[in-house]
Amino acid sequence: AGKILMQAQVLTWKCLLCVPAGMLLADFLSGLIHWSADTWGSESMPILGKRLLHPFRVHHINPADFLRRQFIDTNGDVAFLAIPVLVAAFWIPLDSESMVATAMFVTAFSSVGLMTNQIHQWAHMRRAPLPVRWLQRTGLILSHDAHEKHHYPPYVQNYCIATGWCNRPLQAIRFFSRLEAMITRLTGLEPRHDEQQFAEAVFSEKRAS
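Residues numbered from 1 in each chain as written. Predicted model: local features only at pLDDT ≥ 70, side-chain atom pairs only at ≥ 80, totals over all residues. Heavy atoms only, no water.

Undergrad: Sorry if this is basic, but what is going on with the packing of helix α3 (residues 71-89) against helix α4 (residues 97-123) here?
TA: The packing of two helices is summarised by the inter-axis angle and the distance between the axes. At a minimum axis distance of 9 Å, the contact between α3 and α4 shows a crossing angle of 180°. For the element pair α3 / α4, the angle class is roughly antiparallel. In this structure, α3 contributes F71, T74, N75, V78, A79, A82, I83, V85, L86 and A89 to the contact, and α4 contributes A103, V106, T107, S110, S111, G113, L114, N117, Q118 and Q121. Considering only residue class, the contact of α3 with α4 consists of eleven nonpolar, nine polar and no charged. (Axes fitted to C-alpha atoms, helices over the stretch in contact; angles between N-to-C directions. Helix = DSSP H or I, 4+ residues; strand = E, 2+ residues; numbered from the N terminus. Parallel < 35°, antiparallel > 145°, perpendicular 65-115°, else oblique. Contact = heavy atoms within 4.5 Å. Nonpolar A, V, L, I, M, F, W, Y, C, P; charged D, E, K, R; others polar.)

Quick look at the structure:
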């Protein structure tokens, strides 16, 4: 009986650790995607240009624009990718410790990933819904104050927009700036090379309308 109890305790702790690990990976990937959209490519690129790069870059020029987006528009693209992964987690057989741990990791990862854009939108609200504000205060999801740091030119910090847990360590080791320097050395591409041109085009379009 003692051995069974000890095994159950090990299983519980290992599985519980998989939840923050999955959330952490979702936060890191949110930052990697956000950084990629802010830094490389052009809005004229097929598919990704309009669906990914353009919204992120307009968002820097006019952060309040994000608050006007409806639920489906905010979350649809992420749901298209995250929901199949979340559904797959329920098909993982729970017949061993490693499978239970895997199921919990995948569920935590895809659940937070699914909510990333919604969490990002909440982080822009001065007064988010009360339960959301509690989650922000406890540090379980990205807070308004933490995300505000990203919205100061040149917009090169605090890219992670799910839990925000990765922002401080990534900033401390200059992860993204070093990655940019490496890519520039290898390819000759310059980060944010069209940022000024894009901003001028958006302002011109806004004035014309």
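Undergrad: Mind showing me how you'd approach unusual backbone geometry here?
TA: Note on backbone geometry: most residues besides glycine have negative phi, and most peptide bonds are trans. A cis amide bond links P153 with the next residue in sequence, P154, at an omega value of 10°. Looking at where P154 falls in the secondary structure, it is placed in the loop between α6 (144-148) and α7 (167-172). Unlike most non-glycine residues, N158 shows phi in positive territory, near 50°. Relative to the assigned elements, N158 resides in the loop between α6 and α7. Of note, R174 is a non-glycine position whose phi angle comes to about 55°, a positive value. Tracing the chain through its elements places R174 in the loop between α7 and α8 (175-187).

Undergrad: Whenever I open this one, the pattern of salt bridges confuses me. Can you help?
TA: A side chain with one charge can pair with a side chain of the opposite charge if their charged atoms come near. According to the stated counting rule, one finds three salt bridges in the structure shown. Its salt-bridge partner being R68, residue D65 comes within 3.5 Å of it at the nearest N-O pair. Close ionic contact of R69 with D73 constitutes a salt bridge, the shortest N to O distance being 3.3 Å. Given the relative accessible area of 23%, R69 is considered partly exposed. (Salt bridge = Lys/Arg side-chain N within 4 Å of Asp/Glu carboxyl O. Buried < 20%, exposed > 50% of the residue type's maximum accessible area, 1.4 Å probe, protein only.)

Undergrad: I would appreciate a short explanation of the packing of aromatic side chains in the present structure.
TA: Pairs of aromatic rings are described using the distance from one ring centre to the other and the angle between the two planes. A complete count under the given rule lists five aromatic pairs for this structure. Where W35 meets W40, the ring centres are 6.1 Å apart and the plane angle is 80°; that geometry is what we call edge-to-face. The residues W35 and W40 share a single accessibility class, namely buried. Put simply, the rings of F28, W35, W40, Y159, F175 and F176 touch in pairs and so form one group of aromatic residues. (Phe/Tyr/Trp six-rings, centres within 6.5 Å; stacked < 30°, edge-to-face > 60°.)

Undergrad: Help me understand the environment of L189, please; the structure alone is not making it clear to me.
TA: Its place among the elements puts L189 in the loop between α8 and α9 (195-208). Between the C-alpha atom of L189 and that of G41, which follows or precedes it by 148 residues, the distance is 9.5 Å. Sequence-distant contacts of L189, that is, excluding residues within four places in its chain, are made with W40 and T184.

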